[in-house]
Amino acid sequence: MTEPAMPLWEVFIRTRNGLAHKHAGSIHAADAEMALQAARDTYTRRGEGLSLWVVPSAAIVASDPGEKGMLFEPAATKVYRHPTFYEVPDEVGNM
Amino acid sequence: MLITMYTQGLQPAEAGAGPAEAAGRFQARIDAEEKIEPNDWMPEAYRRTLVRQISQHAHSEIVGMLPEGNWLTRAPSLRRKAALLAKVQDECGHGVYLYAAAETLGVSREAMVEQLLSRSAKYSSIFNYPTLTWADIGAIGWLVDGAAIMNQIPLCRCSYGPYARAMIRICREESFHQRQGYEIMLTLCRGTAEQKAMAQDALDRWWWPVLMMFGPPDSESTHSDTSTRWKIKRFSNDGLRQKFVDATVPQGLYLGLKFPDPALRFDEASGHWGFGAIDWEEFRRVVAGGGPCNRERLEARQRAHADGAWVREAALAFAAKRAAEARFQEAAE
């Protein structure tokens, strides 16, 4: 059996206005319109969302977990990016 | 390096690590309750175990639509029909979530479906039993979904992220399944003598196969040790089975039904319900293909897949035509 593969799409759902779309999972569909319908049937059967995005999985570029250290560890040494790095006397109150 | 979301089965090399060192580091992450995500390094056996377990689980959801689908057109009321239809749709959705989770490990859905249709993949043996009366729909919801929930709740904390996330969605949706089944049983048990006898007959036929759903006894289970070490599995087959019996027997007694097990009795000392010996010969026979409906179930799936071929072909052809038109339009502008 050598049927051509049905393209894979990633599904993002906005659960409520005011919130960002969040990745929910993936589905297979021939085109964007069918992908939206399949995403609706698969991921919003109980009122989980108000808005859907579908993106071809192949269009998403990911960072390599092997480079996690190089990419993200430098942030850990930059404590001066956090407010608690700075000293403000108690008498000054909340800042 | 830029990569895609999901690995294509190639192991990303761990910088400066030999295989033993990589395996040690992997186990340390598991021991620290860290989740493993699709592109992370993982031992080949971990990947294989997950693909086997998640795809079998997906197949079970898909084949599981068949016994209940048998009663969709004959549900006794519109309320029951709407609920059963929603439940069968959920099972399909669960199959799709799980195929998607398995695909993050580098296996295609097409390949998994092919394994099911060619009999090289297994699914839960419970779905090889027939649904002879309406009461079977009650018994399936109450017992089969009840057992599935017991099995699935620990999987929400499984070490593989995409599988755990799929299980969280599934568990959230399953609880309505069990309640709708119990309500059917309750209605039958409060009905005429004939209706109550129908409920009793369903319990008699489903009870033992449901206990087998938890898998072989711990003494014989082949996959348990490594799965436990990798935190794919968190409780033993026998432990979950006992938990299920303890939860379910009082529910059955409330219905006024008798369990088909003369050895069933409450043990004050341990606080557990003791039960009789399970016929593992029957379990092995059904798993090997000798259950009452194995052939029928697979034929139904094969037929559905073949009947849908023209739809998939047409959808892809239409998408290709639209894409070509768009390219032509773009070139003309």
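This is a predicted model, so every value here is computed, not measured.

## Notes on the overall build of chain B
Check the secondary structure of chain B and you find 13 helices and three strands. When its C-alpha atoms are laid out on the principal axes, chain B stretches across 75 × 55 × 35 Å. The buried share of chain B, taken over its 333 residues, is 50%. When the accessible surface of chain B is split by element, carbon and sulfur atoms take 58% of a total near 16,100 Å².

## Looking at the nonpolar core
Judged by nonpolar contacts, the single largest core of 98 residues is most densely connected at Tyr46(B), Tyr160(B), Trp206(B) and Trp207(B). Among the elements that take part in this core, helix α7 (residues 161–189) of chain B stands out by supplying 11 residues, more than any other. Not counting residues within four places of it along the chain, the set of residues in contact with Tyr160(B) comprises Ile36(B), Glu37(B), Pro38(B), Met42(B), Tyr46(B), Leu50(B), Ile54(B), Ala101(B), Thr104(B) and Leu105(B). Of all hydrophobic cores here, the second largest spans five residues; its members include Leu8(A), Phe12(A), Ile60(A) and Met5(B).

## A short note on the interface of chain A and chain B
Contacts between the two partners involve 29 residues from chain A, matched on the other side by 30 residues from chain B. The interface formed by chain A and chain B contains five salt bridges. The partner of Asp90(B) in a salt bridge is Arg46(A), and the shortest N-O contact between them spans 2.5 Å. Linking chain A with chain B are eight residue pairs in polar contact (both at pLDDT 80 or more). Put simply, the parts of the chain that give the side of chain A that touches chain B at least two residues each are β1 (8–14), β2 (22–28), α1 (32–43) and β4 (62–63) of chain A. Per element, the largest residue contribution to the side of chain A that touches chain B is four residues, and it comes from β2(A). Classifying every residue of the side of chain A that touches chain B gives 14 nonpolar, six polar and nine charged. As defined by bridge partners, β4(A) adjoins strand β1 (residues 2–3) of chain B across two bridges and the pair is classed as antiparallel. Paired with Ala62(A) across the strands is Ile3(B), a residue of β1(B).

## Notes on the pattern of salt bridges
Side-chain pairs of opposite charge can arise whenever the charged atoms involved come near each other. The tally for this structure, following the rule as stated, stands at 25 salt bridges over all chains. Between Asp145(B) and Lys87(B) there is a salt bridge; the shortest N-O distance is 2.9 Å. In this pair, Asp145(B) sits in helix α6 (residues 135–152) while Lys87(B) sits in helix α4 (residues 78–103), placing the two residues 58 residues apart along the sequence. Several salt bridges share partner residues, and in doing so they unite Arg45(A), Arg46(A), Asp90(B) and Glu173(B) into one network.

## What about the sheet that holds β1(A)?
To summarise the sheet geometry, strands pair through backbone hydrogen bonds and adopt either a parallel or an antiparallel arrangement. All names here are of chain A. Across the sheet, three strands lie side by side as β2-β1-β3; this open sheet has antiparallel pairing. In this open sheet, the two strands that pair with only one neighbour each are β2 and β3 (51–56). Strand-to-strand, the axes of this sheet are offset by a mean angle of 30°, without reference to chain direction. Relative to β2, β1 is paired through six bridges, and the arrangement is antiparallel. Note that in β2 the partner of Leu8 across the bridge is His28. Contacts between α1 and the sheet are confined to β1, β2 and β3, with β2 contributing the most and set at about 115° to the helix.

## Details of a nonpolar patch on the surface
A surface patch of nonpolar side chains, about 420 Å² in accessible area, is lined by Val79(A), Tyr80(A), Phe85(A) and Tyr86(A). By relative accessible area, Tyr86(A) is classed as partly exposed at 48%.

## Considerations on the environment of Ser77(B)
Residues and elements named next belong to chain B. The topology assignment puts Ser77 in the loop between α3 (65–69) and α4. According to the relative accessible area criterion, Ser77 is partly exposed, its value standing at 31%. Through-space distance from the C-alpha of Ser77 to that of Met5 is 46 Å; in sequence the pair is 72 residues apart.

## Notes on the packing of α7(B) against helix α10 (residues 237–255) of chain B
Residue and element names in this part refer to chain B. Packing of α7 against α10 brings their axes to within 9 Å, and their N-to-C directions diverge by 30°. Classified by the interaxial angle, the pair formed by α7 and α10 is roughly parallel. Where α7 approaches α10, its residues Gln178, Tyr182, Met185, Leu186 and Cys189 are matched on the opposing element by Gln251, Tyr254 and Leu255.

## Let's talk about the side chain of Glu61(B)
All names here are of chain B. Within the secondary structure, Glu61 is located in helix α2 (residues 44–63). In this structure, Glu61 is buried with no salt-bridge partner, the nearest side chain bearing the opposite charge being Lys87 at 7.9 Å. Contacts of Glu61, omitting those with residues within four sequence positions, involve Glu91, His94, Gly95, Leu98, Gln152, Ile170 and Glu174.

## Considerations on α2(B)
For α2(B), which comprises 20 residues, the first-to-last C-alpha distance of 28 Å matches the rise-based estimate of 28 Å (1.5 Å per residue) to within 8%. Burial runs high along α2(B): 14 of the 20 residues are buried.

## Let's talk about the confidence of the model for chain B
With 96% of its residues at a pLDDT of at least 70, chain B reaches an overall mean of 93. As a predicted assembly, this complex carries a pTM of 0.91 together with an ipTM value of 0.86.

## Some remarks on the layout of surface pockets
Empty space within the second largest pocket amounts to approximately 1,200 Å³. In this structure, the second largest pocket is lined by 35 residues; those nearest its centre are His28(A), Cys92(B), Val96(B), Arg109(B) and Arg312(B). Top element by residues in the lining of the second largest pocket is helix α5 (residues 109–117) of chain B. It accounts for six residues.

## Re the packing of aromatic side chains
Applying the stated criterion to the full structure yields 15 aromatic pairs over all chains. Between Tyr80(A) and Phe85(A), the aromatic rings sit 6.2 Å apart at their centres with planes inclined by 70°, giving edge-to-face as the arrangement. Three or more aromatic residues joined by ring pairs make a cluster, and in this case those are Phe26(B), Trp41(B), Tyr46(B) and Trp230(B). For the cation-ring pair, Arg229(B) lies above Trp230(B), with the distance from its terminal atom to the ring centre recorded as 5.7 Å.

Quick notes on the rules
Residues numbered from 1 in each chain as written. Chains lettered and ligands numbered in written order. Predicted model: local features only at pLDDT ≥ 70, side-chain atom pairs only at ≥ 80, totals over all residues. Heavy atoms only, no water. Helix = DSSP H or I, 4+ residues; strand = E, 2+ residues; numbered from the N terminus. Buried < 20%, exposed > 50% of the residue type's maximum accessible area, 1.4 Å probe, protein only. Areas by Shrake-Rupley, 256 points an atom, 1.4 Å probe, with all protein chains shown as cover. Core = buried A, V, L, I, M, F, W, Y, C linked by side-chain atoms within 4.5 Å. Contact = heavy atoms within 4.5 Å. Salt bridge = Lys/Arg side-chain N within 4 Å of Asp/Glu carboxyl O. Polar contact = N/O pair within 3.5 Å; in protein donor to acceptor, adjacent residues only side chain to side chain. Nonpolar A, V, L, I, M, F, W, Y, C, P; charged D, E, K, R; others polar. Pairing = 2+ DSSP bridges. Axes fitted to C-alpha atoms, helices over the stretch in contact; angles between N-to-C directions. Patch = residues over 30% accessible without salt bridge, like charges linked within 9 Å, V, L, I, M, F, W, Y side chains within 5 Å. Parallel < 35°, antiparallel > 145°, perpendicular 65-115°, else oblique. Lys, Arg positive; Asp, Glu negative; His and termini not counted. Expected span 1.5 Å × (residues − 1). pLDDT = per-residue confidence, 0-100. 1 Å grid on protein atoms, 1.4 Å probe; cavity = no way out; pocket = protein on both sides within 12 Å on 5 of 7 lines; lining within 4 Å. Points joined across faces, edges and corners; volume = space filled by probe spheres on them. Phe/Tyr/Trp six-rings, centres within 6.5 Å; stacked < 30°, edge-to-face > 60°. Lys NZ or Arg CZ within 6 Å of the ring centre and 35° of its normal.

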